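# Structural overview
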Amino acid sequence: MRITKVLLSAAALTAGAVGMSSGASADPLTPQAAERFVLGKTFSYTCYEGTVGSGRVLKDGSVAGTIQVRGKGNARYVTLPAGTVQTSSEKICARLKGVAYQPCFELEKTAADAFRGNLAGFNQMWCEFKRGGSGRTRLVERARGAPAGTKTAQIESVH
């Protein structure tokens, strides 16, 4: 379960970068720009080793989302407590119980609605994010009357 939490944290954390207005490709994002964009929004993601899902980060730094590790098996709904996502003036990191280190992330905008995030210092460990999502992560948005124009995939089974 620890790897699941790290992957979901990495995926949801880096979701803060998508909404910047510039159309340039591969623009690095500051922690503050990423934080402004991510809060309360849902992003789908695909990671380098096949993990997929969707997730959101809330104002208190908690994370909620789905994850299908390596794209196999059933998608799982995972939540992480307040304070999991931590942003400073210099970096975005995750605080996870039971993990011996604090993973931090580097973000770069790749399109108007997409970005790539990787584990700091490890360019080969990345996730790509696109605005939108699926499953339980969209329930709160629907309950609040969010615009209905967004299509979402359905999750067959959630544990």
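Because the structure is predicted, anything quoted here is derived from the model rather than measured.

## Observations regarding the overall build of the protein
- Helix and strand counts for the protein stand at 3 helices and 10 strands.
- The secondary structure elements of the protein, listed N-terminal to C-terminal, are α-β-α-β-β-β-β-β-β-β-β-β-α.
- Looking at the protein as a whole, 42% of its 159 residues are labelled buried.
- Long-range contacts, defined as pairs at least 24 residues apart, comprise 47% of the intrachain contacts of the protein with a sequence gap of at least 6.
- As presented, the protein carries roughly 8500 Å² of accessible surface, and 52% of it is formed by carbon and sulfur atoms.

## Remarks on the state of the cysteines
- Under the definition given, this model contains 2 disulfides.
- Residue pairing for C47: its cysteine sulfur links by disulfide to C127, the two sulfurs lying 2.0 Å apart. In this structure the cystine formed by C47 and C127 twists about its S-S bond by roughly 90°; its chirality is therefore right-handed. Taken as a pair, C47 in strand β2 (residues 43-47) and C127 in strand β10 (residues 126-131) lie far apart in primary sequence, 80 residues in all. C127 matches C47 in its accessibility class, with the two residues each being buried.
- Each sulfur of the disulfide joining C93 and C104 lies 1.8 Å from the other. Between C93 and C104, the S-S torsion sits near 90°, and that sign places the bridge as right-handed. Linking C93 in strand β7 (residues 92-94) with C104 in strand β8 (residues 104-111), this pair joins segments that are 11 residues apart in sequence. By the burial criterion, C93 is buried, and C104 matches it.
- Numbered by order of appearance in the sequence, the disulfide-linked cysteines of the protein pair as 1-4, 2-3.

## Comments concerning unusual backbone geometry
- In this structure, R70 is a non-glycine residue whose phi angle is positive, near 55°.
- On the secondary structure map, R70 appears in the loop between β4 (63-68) and β5 (76-80).

## Considerations on the pattern of salt bridges
- Counted according to the given criterion, the structure contains 1 salt bridge.
- In this structure, E128 engages R116 in a salt bridge whose closest nitrogen and oxygen atoms are separated by 2.4 Å. Remark: R116 occurs in strand β9 (residues 114-119) and E128 occurs in strand β10; sequence separation between them is 12 residues.
- E128 sits in the partly exposed class, given a relative accessible area of 31%.
- Take R116: its relative accessible area is 23%, and that puts it in the partly exposed class.

## Quick word on the nonpolar core
- Formed by 21 residues in total, the largest nonpolar core has its most connected members in L107 and F129.
- Counting only elements with at least two residues in this core, the list comes to α2 (31-38), β2, β4, β5, β7, β8, β9 and β10.
- Broken down by element, this core gets its largest block of residues, 3 residues, from β2.

What counts as what
Residues numbered from 1 in each chain as written. Predicted model: local features only at pLDDT ≥ 70, side-chain atom pairs only at ≥ 80, totals over all residues. Heavy atoms only, no water. Helix = DSSP H or I, 4+ residues; strand = E, 2+ residues; numbered from the N terminus. Buried < 20%, exposed > 50% of the residue type's maximum accessible area, 1.4 Å probe, protein only. Contact = heavy atoms within 4.5 Å. Areas by Shrake-Rupley, 256 points an atom, 1.4 Å probe, with all protein chains shown as cover. Disulfide = S-S within 2.5 Å. Salt bridge = Lys/Arg side-chain N within 4 Å of Asp/Glu carboxyl O. Core = buried A, V, L, I, M, F, W, Y, C linked by side-chain atoms within 4.5 Å.

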